[in-house]
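Commentary on secondary and tertiary structure
As a plain string of letters, each chain reads:
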Amino acid sequence: MDILAKRAADTIFISGSPRTGTTWLGEIVGSCPGIRVVFEPFHKSRTARTRALGRRYLRPEGDYPTERSVLADVLTGRAGDWGPRQVGHRLLPARLAVKSVRGNLMLEYLHRNFQCPVVFITRHPCAVVASRLKMGYPSALSELTSQGQLMEDLLGPYAQAMADAVTTVEQHAALWCAENLLALRQMTEPWQTTVFYEELFSDPRRHVDRVFEAVRLYRTASVDEGLRRVSRTARKDSAVVTGDGVLERWRKDLDRDHVRAVLSMLERFEIDTYGDGPMPRHPDLGDPSITATLSGARARPALLDRLTLPPAARRQVERAAQRAPRTIPFTMPTFCPRLFSEAFVSDAGHVFTCCHFAPFGMGSLAEKNLGEIWNGPTMRAARAMSMHRTLHCHERCTLLDEKERAWVPAPDDGTSMPYGRLRRLKLLMGELCNIACVMCDQDHSSRRQLPLDLLRRRIDWGPIDDIEFQGGEPLAMNEARKAYLYLTEQMGKKVNFLTNGTIMSVEWAERIARGSSWLYFSINGVDPRTHERISRGSRMSRVLRSIDRVRDARSRLSSPLVLVAHFTMVPGNISEAPGFPALGARLGFDRVEFGYDISAVPHFLRTHPAEASGLRRRLSEAIEASPIPVATHRLRYLGLMD
């Protein structure tokens, strides 16, 4: 079960409406070594259990056990019907990619329940309508209007517009709007990568690189060849085949009345992403000044008063704020202290507020130094959202503990903060690792590492006194080891990290005793067999030897180093969690912390209430009896502690 959960989280879900370029994008992804594409699992020609999900709306927070089971089978390749147009066919693929034109209305549900990367592609509605008319597609609008939850949550305000769609052109236009509306509102959510067909066609390498970075793929020679190929579903008279003005061919295929009908439907659905020109009108997804607004659905006029944005960006936010149904702030404060004192840098050099890649990207060290990014328009926007109760990621954050959730900005805190307030920096040094934990979704074969040269050039380390390396396994990465020595021995900083404890030499144990304030050891089972089953490639004997080496070095050097035992709960080891505080104390740790696999544990607890109840009781007893402190905030999020 744990392995299948990880496989689902690795699967790339490519979604869009029919005739928007999903097949072409799927073939590009499928041209990567080790990728196999599942083609249209929800098509009406598939098995009864999968085709039932075609164009289904699934509430992000909804409980759909049957649908969840079917989706788990689709995402792990167990649905039993791969489709007739397999791309990148491999008997034992490293990863799957699911390509569907009937999944736009379940994207956030997929993200929340499976943590799989989502790629949404869309295209000018006039081009889509023209193509559907040529193909003789019937309108499927009734498949949407018959769904009560969908009408209640999303399409209710547009019911009259759909009812007024009488002609075939109007019905296809209304279908495009209804199918794309939700995904367009989610356009700048960090978990969804949005691609516009016109931009992909005009500058394929740039936008493929953007997609590949989001889904952890690398462009190879086979991918470049795929960019030159025409999609296998393209018609012989298609503009992409004939070369007849690909992006504006719809002007020839539709008369003026038809174009006006399509654009009128866009206005009625309050969609301004496309207009009478061939290219999309949207925030540049790489422009931090515009991305700062996240997705106009969260924007509020009060927030705009605190920002300095380019005029075009400001107009977009104002329009979105006027019509978005979610302009009411959360009832509880959304103050996040990390926005005022912390930053996170990915292995690609992109800067975020925290290691959950939230609330959105702040900038890139390849283009600006950290000081500029720290007070750039995007960071200021995030702080304004925090203070105005509109920070969307706050409610479900698993990083903030009770003290941080109770934090309140000082009266003189604004959206612009002195660089000296930046005290904590987390660095994802890379994803390379020498073991493979079942719950980890990282690419442990990746050779990309955050280069020390970039850290030297782009970061003023003066005020930063809390540095955390993340991985992968930091001790397995050359750049991480070099950066550790540079920061601790040359800059006099303390650098902390979590290790799997399998490659700790005596020399490095001494370096860590001198150069770190704290060190986490990942131990994922009380029984050594459980730990080795969850942390594949690890041996408990090696971990225990590493713990002894660090403890010995700490004692010899009289180091104040704090040792923390960390246990990540998954369904396969959660029954041993109550025994972990006692194990931590026996091994000489100073503190115990718990984490959990967000893609599997909440669902496991919901579907196993008796086990959850027993686990709650046993954990409470174990923590009360523990001789060392136990961090409980994540247990509280799961309902396992009061």
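Let me sum up the structure you'll find in this document. (Residues numbered from 1 in each chain as written. Predicted model: local features only at pLDDT ≥ 70, side-chain atom pairs only at ≥ 80, totals over all residues. Heavy atoms only, no water.)

**A few points about the overall build of the chain**
As a reminder, the rule being used: Each helix is a run of H or I in the DSSP string that is no shorter than four residues. Each strand is a run of E no shorter than two, and both are numbered from the N terminus. Accessibility here uses a 1.4 Å probe with only protein chains present; expressed as a share of the type maximum, an area under 20% marks a residue as buried, one over 50% as exposed, and anything in between as partly exposed. Residue contacts are counted whenever heavy atoms from the two residues lie within 4.5 Å of one another. To measure how exposed things are, a 1.4 Å probe is used in the Shrake-Rupley method; for residues, cover is taken only from the protein chains shown.
Of regular secondary structure, the chain possesses 32 helices and 16 strands. Counting only residues that meet the buried cut, the chain has 59% of its 642 residues in that class. At a minimum sequence separation of 6, the contacts of the chain that also span at least 24 residues come to 76%. Accessible surface computed for the chain: about 26,200 Å², of which carbon and sulfur atoms make up 50%.

**Considering the nonpolar core**
What counts, and what does not: By nonpolar core is meant a set of buried Ala, Val, Leu, Ile, Met, Phe, Trp, Tyr and Cys residues that side-chain atoms within 4.5 Å join together.
Ranked by internal contacts, the top residues of the largest apolar core, which has 85 residues, are Leu427, Trp461, Phe469, Met569 and Phe594. Setting aside residues no more than four positions away along its own chain, tryptophan 461 makes contact with Leu425, Leu427, Leu455, Ile467, Tyr486, Leu487, Met491 and Lys493. In this structure, Tyr64, Met265, Leu266 and Phe269 belong to the second largest nonpolar core, which totals 65 residues.

**Focus on the sheet that holds strand E13 (residues 518-522)**
Let me state the cut-off plainly: Note on pairing: two strands pair once DSSP finds at least 2 bridges between them. Lines are fitted to the C-alpha atoms to define the axes, a helix being fitted only along its stretch in contact, and any angle between axes, read from their N-to-C directions, falls within 0 to 180 degrees.
Spatially, the nine strands line up as an open sheet ordered E8-E7-E6-E9-E11-E12-E13-E15-E16, and their pairing is mixed. One side of each edge strand has no neighbouring strand; the edge strands of this open sheet are strand E8 (363-364) and strand E16 (591-596). Sheet topology places strand E6 (residues 342-345) next to strand E9 (residues 424-428); four bridges connect them, and they run parallel. Counted as the bridge partner of alanine 343 is leucine 425 from E9. Strand contacts of helix H25 (residues 478-490): strand E11 (466-470) and strand E12 (495-499), with the helix running at about 170° to E11, the strand carrying the most contacts. Along the sheet, helix H28 (residues 540-556) makes contact with E13 and strand E15 (562-569), crossing E13 at roughly 165°.

**Considerations on the sheet that holds strand E5 (residues 192-196)**
Taking strand neighbours across the sheet as the criterion, the five strands line up as E2-E3-E1-E4-E5 in an open arrangement whose pairing is parallel. Of all the strands in the sheet, the pair left with one neighbour each is strand E2 (35-39) and E5. Across the sheet, the mean angle separating the axes of adjacent strands is 20° when strand polarity is ignored. Of the strand pairs in this sheet, E2 and strand E3 (residues 95-100) are connected by five bridges, and their pairing is parallel. Within E3, the residue paired with valine 38 across the bridge is valine 98. Seen against the sheet, helix H10 (residues 168-185) touches strand E4 (118-122) and E5 and runs at an angle of roughly 140° to E4.

**Some remarks on the side chain of serine 17**
As for its placement among the helices and strands, serine 17 is situated in the loop between strand E1 (12-15) and helix H2 (22-30). Classification of serine 17 as buried rests on a relative accessible area of 0%.

**As for the pattern of salt bridges**
Short version of the rule: Within this document, salt bridges are pairs made up of a side-chain nitrogen of Lys or Arg and a carboxyl oxygen of Asp or Glu, the two lying within 4 Å of each other.
Applying the stated criterion across every chain yields a total of 33 salt bridges. The salt bridge involving arginine 268 is made with aspartate 164; its shortest N-O contact spans 3.0 Å. Here the residue arginine 268 occupies a position in helix H16 (residues 256-268), and aspartate 164 occupies one in the loop between helix H9 (159-163) and H10, the gap between them amounting to 104 residues. A relative accessible area of 36% means that arginine 268 is categorised as partly exposed. Residue glutamate 342 is joined to arginine 338 by a salt bridge in which the shortest nitrogen-to-oxygen separation is 3.3 Å. Here glutamate 342 and arginine 338 have matching classes, each one buried.

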